[in-house]
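# An overview of the molecular structure
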Amino acid sequence: MRTRRSSYPNTNQMCFTKRKSTFTEATTNRRKTIKSSSATTVSGQCDFLDALPDDIVLFILSKLSSTATCPADFINVLSTCKRLNVLGFNSLVLSKASPKAFAVKPKNWSESAHRFLKRCSDAGNVEACYTLGMIRFYCLENRGSGASLMAKAAINSHAPALYSLALIQFNGSGGSKTDKDLRAGVALCARAAFLGHIDALRELGHCLQDGYGVRQNITEGRKFLIQANARELASVLETTPSALVTSNWMTWNALPHLRNGNLAGPGCPLLSDFGCNVPAPEPLPANRFLTDWFSDKVLQPGLRLCSHASCGRPETRQHEFRRCSVCGTVNYCSRACQALDWKIRHKMECTQVERLAFDGEDNGNVEGNDGMFVES
């Protein structure tokens, strides 16, 4: 009789298989534990952010947008996570964005930058309305849209927008010479001057002195010009670091030395009629954008830029700006730009300086043309 051979399991193989299975299971469990713990950490952070109410996150983002020193400060936060990106474009955050948060350089100008500025202006940001309005009016030559945006800012008592609209009325910018409205320009300029805008004070002073668009009143005009000088000096003292205030940057010079162009120390002789020399004020972001935008561009034949280095405004038609009737080489969009550029630069370049020095004439005008005459 044949005996059936029984099949018994191999004990060693079973032990090896069991150990292998146990090892594999333990490794898998360990990996799951590590993954779970790391997910818990990340999840803990995400849960902590998600647990914050939207109001608190919006408040933080609003503070960030209002104190940003460059566009990257704000954009880097928006790219952190999806929630910050969504809340960062909330109208409350965009309405409080500082001019430096959307101060895009002309070389980086793009459709996305245009859209971002548009979203800020739509959110009610008056600085964005003014900046985009200036860019559209002068750079993109979209006159109607640009003027509307500046008007939107002006309605909200934005002094630079009021002043820019005044210059558009004085020059008839974007239209013909018959489109000038001197009375409207004076009214807008007076509103900006009431808000303390320095160039508007200076422009209104010259208008009153010359009887340009308003009844001539030399005494009141001089008062506005002196007030403009005082505010300009106060602005420089406020924005200049205390370490520089104690140095020799502010000097007192005799008037004859100023007339001969011998300025003691660097800076802009903003109070040169009174012998005081202080640093030149920093141009506004919109004017800086215009200056950089047109620095490497060729204007249409016959059009010129305002000769004041900190202005940047171009002509929208031929012979729109006034030019120096002595040398004919410089032109200005406003009397304020003419007065500042005369003190900064043109005083030493105009041919009339040589004639005044030769004749020994004494011109005692207070913030007047200082021998500089303009014609349309």
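To keep things clear, this report deals only with the structure shown in the data block. (Residues numbered from 1 in each chain as written. Predicted model: local features only at pLDDT ≥ 70, side-chain atom pairs only at ≥ 80, totals over all residues. Heavy atoms only, no water.)

Turning to the overall build of the protein, a few remarks are in order. Helices and strands together make up the secondary structure of the protein, namely 17 helices and six strands. Within the protein, the fraction of its 376 residues that count as buried is 40%. Sequence separation of 24 or more characterises 56% of the internal contacts of the protein that already satisfy a separation of 6 or more. Accessible surface for the protein amounts to roughly 21,000 Å². Of this, 56% is attributable to carbon and sulfur atoms. (Helix = DSSP H or I, 4+ residues; strand = E, 2+ residues; numbered from the N terminus. Buried < 20%, exposed > 50% of the residue type's maximum accessible area, 1.4 Å probe, protein only. Contact = heavy atoms within 4.5 Å. Areas by Shrake-Rupley, 256 points an atom, 1.4 Å probe, with all protein chains shown as cover.)

Inspection of every chain in the model, using the stated rule, returns six aromatic pairs. A centroid spacing of 5.7 Å and a plane angle of 70° characterise the contact between W109 and F289, whose relative ring orientation is edge-to-face. Placement of W109 in the loop between α5 (91-95) and α6 (111-122) and of F289 in helix α15 (residues 285-295) is noted, with a sequence separation of 180 residues between them. Of the two residues, W109 and F289, neither departs from the other in class, the shared state being buried. Ring geometry for F137 versus Y138: centroids 4.8 Å apart, planes at 70°, classification edge-to-face. (Phe/Tyr/Trp six-rings, centres within 6.5 Å; stacked < 30°, edge-to-face > 60°.)

This part is about unusual backbone geometry. Positive phi values are uncommon outside glycine, yet E141 reaches one of about 55°. Structurally, E141 can be placed in the loop between α7 (126-139) and α8 (143-155). You can call E141 partly exposed: its relative accessible area is 48%. The backbone phi angle of S157 is positive, close to 60°, even though this residue is not glycine. Examined against the element boundaries, S157 turns out to sit in the loop between α8 and α9 (159-171). Look at S157 and you get partly exposed, because its relative accessible area is 36%.

Our next topic: the pattern of salt bridges. The full count for this structure, using the stated rule, is eight salt bridges. D210 is the partner of R335 in a salt bridge, and the nearest nitrogen-oxygen pair spans 3.1 Å. Placement of the pair is R335 in helix α16 (residues 335-344) and D210 in helix α11 (residues 198-210), with a sequence separation of 125 residues. Look at R335 and you get buried, because its relative accessible area is 9%. Among the charged side chains, a salt-bridge network with shared partners connects D199, R202 and E232. (Salt bridge = Lys/Arg side-chain N within 4 Å of Asp/Glu carboxyl O.)

For α8, spanning 13 residues, the distance from its first C-alpha to its last is 18 Å, which sits close to the expected 18 Å at 1.5 Å a residue. Of the residues making up α8, those classed as buried are G146, L149, M150, A153 and A154. One face of α8 carries all of its buried residues, which in axial projection span an arc of 145°. Structurally, α8 contributes buried residues whose contacts are with α6, α7 and α9. Of the residues one or two after α8, S157 is the one with positive phi, at around 60°. (Expected span 1.5 Å × (residues − 1). Arc of directions from axis to C-beta.)

Interhelical geometry of α8 versus α9 gives an angle of 135° and a closest axis separation of 8 Å. Looking at the two axes, α8 sits oblique to α9. Where α8 crosses over α9, the handedness of that crossing is left-handed. On α9, the residues that touch A147, M150, A151, A153 and A154 of α8 are A161, L162, S164, L165 and I168. In the contact of α8 with α9, the residues fall into nine nonpolar, one polar and no charged. (Axes fitted to C-alpha atoms, helices over the stretch in contact; angles between N-to-C directions. Parallel < 35°, antiparallel > 145°, perpendicular 65-115°, else oblique. Left-handed = near helix turned anticlockwise from the far one by under 90°. Nonpolar A, V, L, I, M, F, W, Y, C, P; charged D, E, K, R; others polar.)

Put simply, α7 and α8 touch, their axes get as near as 7 Å, and they point 155° apart. In terms of orientation, α7 and α8 fall into the roughly antiparallel class. Taken as a pair, α7 and α8 cross one another with a handedness that is left-handed. Contacts between α7 and α8 involve V126, C129, Y130, L132, G133, M134, R136, F137 and Y138 from the first element and R143, S145, G146, A147, L149, M150, K152 and A153 from the second. Residue classes in the contact of α7 with α8 are distributed as 11 nonpolar, three polar and three charged.

In this structure, D341 sits in helix α16. For D341, a relative accessible area of 3% translates into the label buried. Once you skip the residues sitting within four places of it in the chain, D341 turns out to touch S307, H308, A309, Y332, H346 and K347.

Turning next to α7. With 14 residues, α7 extends 19 Å from end C-alpha to end C-alpha; this agrees with the ideal 20 Å at 1.5 Å per step. Counting buried positions along α7 yields 12 of 14 residues, so the element is predominantly enclosed. Within α7 the residues assigned to the buried category are A128, C129, Y130, T131, L132, G133, M134, I135, R136, F137, Y138 and C139. In this fold, the buried residues of α7 make contact with α6, α8, α9 and α15. The distance from a side-chain oxygen at the start of α7 to the backbone nitrogen of E127 is 3.1 Å, and the residue carrying that oxygen is N125. (Polar contact = N/O pair within 3.5 Å; in protein donor to acceptor, adjacent residues only side chain to side chain.)

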